[in-house]
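Secondary and tertiary structure notes
The residues making up each chain are set out below.
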Amino acid sequence: MADAVRMSLTEVHASAKAALLAQGFGASHANAIANTVTMAERDECRHHGLFRLPFYMNGLRSGQASPDAEPTLTELAPSVIKVDAKYGFSPLALERGDEPLAERAKQHGIAALAVNNALNVAALWPEVERLADRGLVGFAFVAASPYVAPAGGTKPLFGTNPMAFAWPRHNKPPLVFDQASSASARGEIQLRLRDGKPLPEGWAIGPDGTPTTDPKEALAGAQLPFGGFKGSNIALMVERLAGPLLGDALSFEAGERDKANTGAPCGGELIIAIDPVRCIENGNRIVQLEHGEMLFKKMLEQEGARLPSDRRYEARKRTAIEGVKVPRSLYASIEAYIAGKDIKERNAYEGDHLTHKKEAGQANYAS
């Protein structure tokens with residue numbers, strides 16, 4: 001990025017938080033969102049970094065996101081807890097549920113966290129990485145807006161429906177992956193639209209149902225699941241785990257609720273935490289984790305193979321020293337947010353069919 005501004009991670013966090021506060025978010029939400037945005041920039045997952053700020057702002061301005069709702073925690077069973085985000089964005093709800101989930105997993109061996117009524121445009125790996133840092137195995141599942149056609153279909157129905165997994169390692173950063181059940185994340189297409197780059201074949205179809213490599217046509221049409229019916233089946237599974245299982249919305253229902261087309265769907269997220277020590281008789285964490293290392297060693301002996309989290313960890317070391325490059329146009333938007341300006345245009349990377357419609361009147365967070 002030749003036309004870019006270099007920012008330290010401290011500056012990224014401070015700018016994101018200042019922009020969110022200036023646009024009306026409460027302090028707790030602004031800090032939690034800034035945390036997840038900064039983690040994404042730190043690990044060079046840019047489509048979940050500062051790039052996402054317009055989505056948070058549009059969710060707030062549309063009246064669909066609460067700026068200051070305090071999440072509430074309820075114990076549904078000894079090892080099942082619920083956090084009601086009350087139509088706020090998910091980062092604060094996830095922070096509130098993290099420690100109680102870990103405590104119950106260590107007490108019972110396995111525990112689940114149901115996050116309800118949360119707007120989610122963030123990556124999933126931060127919540128499972130936090131569990132792995134506590135020595136726990138973590139899973140996370142979340143649906144999204146209806147962007148993906150089922151295998152064999154031509155119309156959007158599923159969300160990109162990502163899932164994340166984390167495995168703790170002894171004296172090493174955990175193994176973590178976060179991937180969509182679609183052939184690509186939504187943000188990857190949006191970044192290619194911004195940068196004027198075509199899509200690889202197999203990522204999407206246009207509004208007419210035919211394959212396309214044009215990002216704008218893809219955003220107006222439908223994304224495709226990876227691996228055909230295999231990816232489609234995984235998306236189907238995630239729909240149920242993050243929706244009906246938790247008493248929350250399916251992707252197409254979340255899309256119908258997003259009346260202002262913010263691109264910030266509201267629904268559920270399921271997080272599962274497992275303590276390896278409690279899964280076998282007389283469990284020994286170090287022995288169990290070292291057993292897992294045998295597979296990692298065999299993988300890395302093969303030329304070209306890498307563990308899925310290695311790229312992020314390499315980026316993490318680099319950006320801690322060098323900072324990150326932010327496109328100048330995005331930097332200018334952040335400065336405008338901080339100045340309190342009302343940037344009315346929809347995030348241009350989403351496509352003309354999702355033009356932001358600012359709604360007047362009293363906010364209705366559940367609409």
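It should be noted that the structure appears before, not after, this text.
Residues numbered from 1 in each chain as written. Predicted model: local features only at pLDDT ≥ 70, side-chain atom pairs only at ≥ 80, totals over all residues. Heavy atoms only, no water.

1. Re the pairing of strand 4 (residues 110-119)
Where a strand is regular, its side chains alternate between the two sheet faces. For strand 4, the tally of buried residues reaches nine of ten residues, placing the bulk of the element in the interior. In the sheet, strand 3 (residues 80-89) pairs with strand 4 via seven bridges, with the strands oriented parallel. Residue pairing across strands places Gly 88 opposite Ala 118, the latter belonging to strand 4. Following the chain from strand 3 across helix 4 (residues 90-108) to the adjacent parallel strand 4, one finds a crossover that is right-handed. With eight bridges joining them, strand 4 and strand 11 (residues 266-274) adopt antiparallel strand pairing. Bridging across to strand 11, Ala 118 finds its partner in Gly 267. (Buried < 20%, exposed > 50% of the residue type's maximum accessible area, 1.4 Å probe, protein only. Helix = DSSP H or I, 4+ residues; strand = E, 2+ residues; numbered from the N terminus. Pairing = 2+ DSSP bridges. Right-handed = clockwise from strand over helix to strand, strands pointing away.)

2. Digging into the packing of aromatic side chains
Scanning the model with the defined rule gives six aromatic pairs in all. Relative to Phe 89, the ring of Phe 25 has its centre 6.1 Å away and its plane inclined at 50°; by these criteria the two rings are tilted. Within this pair, whereas Phe 25 is found in the loop between helix 1 (9-22) and helix 2 (27-42), its partner Phe 89 is found in strand 3, the two being separated by 64 residues in sequence. According to the relative accessible area criterion, Phe 25 is buried, its value standing at 4%. Taking relative accessible area as the criterion, Phe 89 reaches 2% and is therefore assigned buried. The residue whose ring lies beneath Arg 186 is Tyr 147, and the NZ or CZ to ring-centre distance is 3.7 Å. In this structure, Arg 312 is placed above the aromatic ring of Tyr 313, and the distance from its NZ or CZ to the ring centre is 5.4 Å. (Phe/Tyr/Trp six-rings, centres within 6.5 Å; stacked < 30°, edge-to-face > 60°. Lys NZ or Arg CZ within 6 Å of the ring centre and 35° of its normal.)

3. A look at the environment of Ala 32
Structurally, the position occupied by Ala 32 is in helix 2. Along the primary structure Ala 32 and Lys 298 are separated by 266 residues, whereas in three dimensions their C-alpha atoms are 38 Å apart.

4. Some remarks on the packing of helix 1 against helix 2
Here helix 1 crosses helix 2 at 145°, and the two axes come no closer than 8 Å. As helix 1 runs across helix 2, the sense of the crossing is right-handed. Of helix 2, the residues touching helix 1 (which contributes Leu 9, Val 12, His 13, Ala 16, Lys 17, Leu 20 and Leu 21) are Ala 27, Ala 30, Asn 31, Ile 33, Ala 34, Asn 35, Val 37, Thr 38, Glu 41 and Arg 42. A breakdown of the residues in the contact of helix 1 with helix 2 according to their chemical character gives ten nonpolar, four polar and three charged. (Axes fitted to C-alpha atoms, helices over the stretch in contact; angles between N-to-C directions. Left-handed = near helix turned anticlockwise from the far one by under 90°. Contact = heavy atoms within 4.5 Å. Nonpolar A, V, L, I, M, F, W, Y, C, P; charged D, E, K, R; others polar.)

5. Some thoughts on the pattern of salt bridges
In the structure shown here, the tally under the stated rule is 17 salt bridges. Across the pair Arg 42 and Asp 43 runs a salt bridge whose closest N-O atoms are separated by 2.9 Å. Of the residues examined, Asp 43 reaches a relative accessible area of 0% and is grouped as buried. In this structure, Glu 75 engages Arg 104 in a salt bridge whose closest nitrogen and oxygen atoms are separated by 3.1 Å. With Glu 75 in strand 2 (residues 72-77) and Arg 104 in helix 4, this residue pair connects regions lying 29 residues apart in the sequence. In this structure Arg 104 comes out as buried when scored by relative accessible area, which is 16%. Taken together, the salt bridges that share partners define one network made up of Arg 42, Asp 43, Glu 129, Arg 312 and Arg 316. (Salt bridge = Lys/Arg side-chain N within 4 Å of Asp/Glu carboxyl O.)

Function cannot be read off these values alone, since they describe shape.
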